[in-house]
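Remarks on the overall topology
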Amino acid sequence: MQQPEYMLGVDIGTTSTKAVLFTTQGRIVAQHAVEYPLLCTTPGMAEQDPEQIYQAVLAAISKAVSTGRAEPGQIALVSFSAAMHSVIAVDQDGKLLSNSITWADNRAGAWANRIRDELDGHQIYLRTGTPIHPMSPLCKIMWLRHDQPELFARSARFVGMKEYVLFRLFGAWLVDHSIASATGMFNLQQLDWDQGALRMLGISPAQLSTLVPTTHHLSGLAPAVAQQLGLAPATPFVIGANDGVLSNLGVNAIGPGQVAVTIGTSGAMRTVIDKPLTDPAGRTFCYALTAKHWVVGGPTNNGGSIFHWVREELATAESAAAKEAGHDPYDALTKIAEGVRAGAEGLLFHPYLAGERAPLWNADARGSYFGLATHHGKPHMIRAALEGVIFSLYSILPAVEDLIGPTTHMMATGGFARSALWRQMMADIFEREVVVPESVESSCLGAAVLGLYALGKVDSLDVIGAMVGSTHRHVPIPENVALYRRLWPIYAAIPKLLEQQYRQLSQFQRETAVTSS
């Protein structure tokens, strides 16, 4: 009897690394996640310890393999997904000179403004597909050059988190086209580092990793590492892509007009096209999946992080009571929000606690409740916060449809998809059916299927269709849609009216902030 064959999808995320062991037909056999903290000890800072994340990758893989009781020879491949926009400075020997500066780090804000306004930033965006924003490694490296000159001078390379992990495993500095396309330094047409961007930064291609397709694979693990992971040394490791584009693949949203909406720590809306395309107005990103698959869309900074903030800052008593009773605090808060009708009786929440990306691309944007009245209480504030995240994602839709035309199908994924309330909110605010795939770990499944394709085990990415079932379908509730349609113009107008005030207030906050110990 032939032994079963498995594939392992590994997602190096912002809050954790997840490893999911699948059969080659896409069924989950085992999974494991290892969490790690975000370091935010000074205003605008959002860093992580690369060594801690590397160890999390090892632990997640090892545990998923052992839990699934897979023998080393049964693992057909390991394939990676990873969060975008991280920057790590290393020396000539690959030793760390800095933490990983994550997408959420806003300290490059002033340089992002200057690049956009004074240094031909829009042309760089049109060539590279990454909007000029502090999330971008382009802006981060510019900030390092001018604000951390000693560190910049000592740095032999600037790499991302997945690059560091692969270097530790295989000793080579490699970056896939997908992660590279999210740096602001990768020319989408030439599939090479953009000379204009590098000239502005004062760096050379030798200070960045070698570019390879997302289908590139490596093998030859050190025997000790292979034993630790429970893998054969010859197991192929596929470099994979970024988590956003793989999430689209993982929910089978790769056809014309199909949209994937993800809410994890942050959130995004994405759709797949067959060639690179940038927005003349600079509102959307364009990232690579394969040579024939390009993903356009927009991210929001504020997704599940908003629900976490509500739990920790607005509803501590309710969360503590739920924990004491052995219940999930998020489920308890969701039930509270369900007691308020759609629209939170006219209370709006703009969820810009960490600035905002699409479509504002304004790191100075700040969160606010608007419309507070004496009849509003904590349940209204909880519901408005959840609605605000969906409104923020909905605001990206016009920019996407301006580029590609009308969208039709919507697939929802990420941690939020476990919540019936949030799923229904999305159907009502977007006014279309929302389908949730069977596996919420879409980036891991997308990575695994890309691995099958990379190794020639399947002829097309379309095989994903047979692997993605659906667990939930939500259709719009007409009375809720009517309420949201009345509120939407008010919600959309406020950020435009407050641009100057956002800038002034964020400057005040930076100047008066108390540094954490």
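The structure we're discussing is the one just above.
Here's what I pulled together on the structure shown here. (Residues numbered from 1 in each chain as written. Predicted model: local features only at pLDDT ≥ 70, side-chain atom pairs only at ≥ 80, totals over all residues. Heavy atoms only, no water.)

1. Structural notes on the overall build of the protein
Secondary structure assignment for the protein yields 19 helices and 23 strands. For 517 residues, the compact-globule formula gives about 24 Å, and the C-alpha radius of gyration of the protein, at 22 Å, lands near that figure. Summarising its shape, the C-alpha atoms of the protein cover approximately 65 × 60 × 50 Å along the three principal directions. Within the protein, counting contacts between residues at least 6 apart in sequence, those at least 24 apart form 71% of the total. When the accessible surface of the protein is summed, it comes to about 20500 Å², and 51% of that surface belongs to carbon and sulfur atoms. Positive and negative side-chain charges in the protein, numbering 38 and 45 respectively, have mean positions lying 1 Å apart. (Helix = DSSP H or I, 4+ residues; strand = E, 2+ residues; numbered from the N terminus. Rg over C-alpha atoms; globule rule 2.2 N^0.38 Å. Contact = heavy atoms within 4.5 Å. Areas by Shrake-Rupley, 256 points an atom, 1.4 Å probe, with all protein chains shown as cover. Lys, Arg positive; Asp, Glu negative; His and termini not counted. Charge placed at Lys NZ, Arg CZ, Asp CG, Glu CD.)

2. A look at the nonpolar core
Counting residues in hydrophobic clusters, the biggest one holds 163 residues, and the most contacted among them are Leu 169 and Met 426. Excluding anything up to four places from it in sequence, Leu 169 contacts Tyr 54, Leu 58, Phe 80, Leu 221, Val 225 and Phe 237. Counting residues in hydrophobic clusters, the runner-up holds 5 residues, among them Val 251, Ala 260, Met 411 and Val 435. (Core = buried A, V, L, I, M, F, W, Y, C linked by side-chain atoms within 4.5 Å. Buried < 20%, exposed > 50% of the residue type's maximum accessible area, 1.4 Å probe, protein only.)

3. As for the pattern of salt bridges
In this structure the tally under the stated criterion is 17 salt bridges. A salt bridge links Lys 378 to Glu 318; the nearest nitrogen and oxygen atoms lie 3.2 Å apart. Here Glu 318 lies in helix α12 (residues 316-324) and Lys 378 lies in helix α14 (residues 378-394), a separation of 60 residues in the sequence. Judged by its relative accessible area of 32%, Lys 378 falls in the partly exposed class. Note that Arg 510 is salt-bridged to Asp 364, the shortest N-O span being 3.3 Å. In this pair, Arg 510 is assigned in helix α19 (residues 499-512) and Asp 364 in the loop between β19 (348-350) and β20 (368-370), connecting sequence segments 146 residues apart. Under the relative-accessibility criterion, Asp 364 is labelled buried at 12%. (Salt bridge = Lys/Arg side-chain N within 4 Å of Asp/Glu carboxyl O.)

4. Some words on the environment of Ser 247
Relative to the elements of secondary structure, Ser 247 occurs in helix α10 (residues 243-250). Among the polar contacts made by the side chain of Ser 247, one reaches the side chain of Thr 262 at a distance of 3.2 Å. Looking at Ser 247, its side chain comes within polar contact range of the side chain of Arg 270, at 3.2 Å. (Polar contact = N/O pair within 3.5 Å; in protein donor to acceptor, adjacent residues only side chain to side chain.)

5. Considerations on the side chain of Ser 16
Structurally, the position occupied by Ser 16 is in strand β2 (residues 16-23). With residues near it in sequence (within four places) discarded, Ser 16 still touches Asp 11, Ala 33, Val 34, Glu 35 and Tyr 36.

6. Examining the packing of helix α18 (residues 478-497) against α19
Here α18 crosses α19 at 60 degrees, and the two axes come no closer than 5 Å. Relative to α19, α18 is oriented oblique. Seen from α18, the contacting residues are Pro 495, Lys 496 and Leu 497; seen from α19, they are Glu 499, Gln 501 and Tyr 502. Tallied by class, the residues present in the contact of α18 with α19 amount to 3 nonpolar, 1 polar and 2 charged. (Axes fitted to C-alpha atoms, helices over the stretch in contact; angles between N-to-C directions. Parallel < 35°, antiparallel > 145°, perpendicular 65-115°, else oblique. Nonpolar A, V, L, I, M, F, W, Y, C, P; charged D, E, K, R; others polar.)

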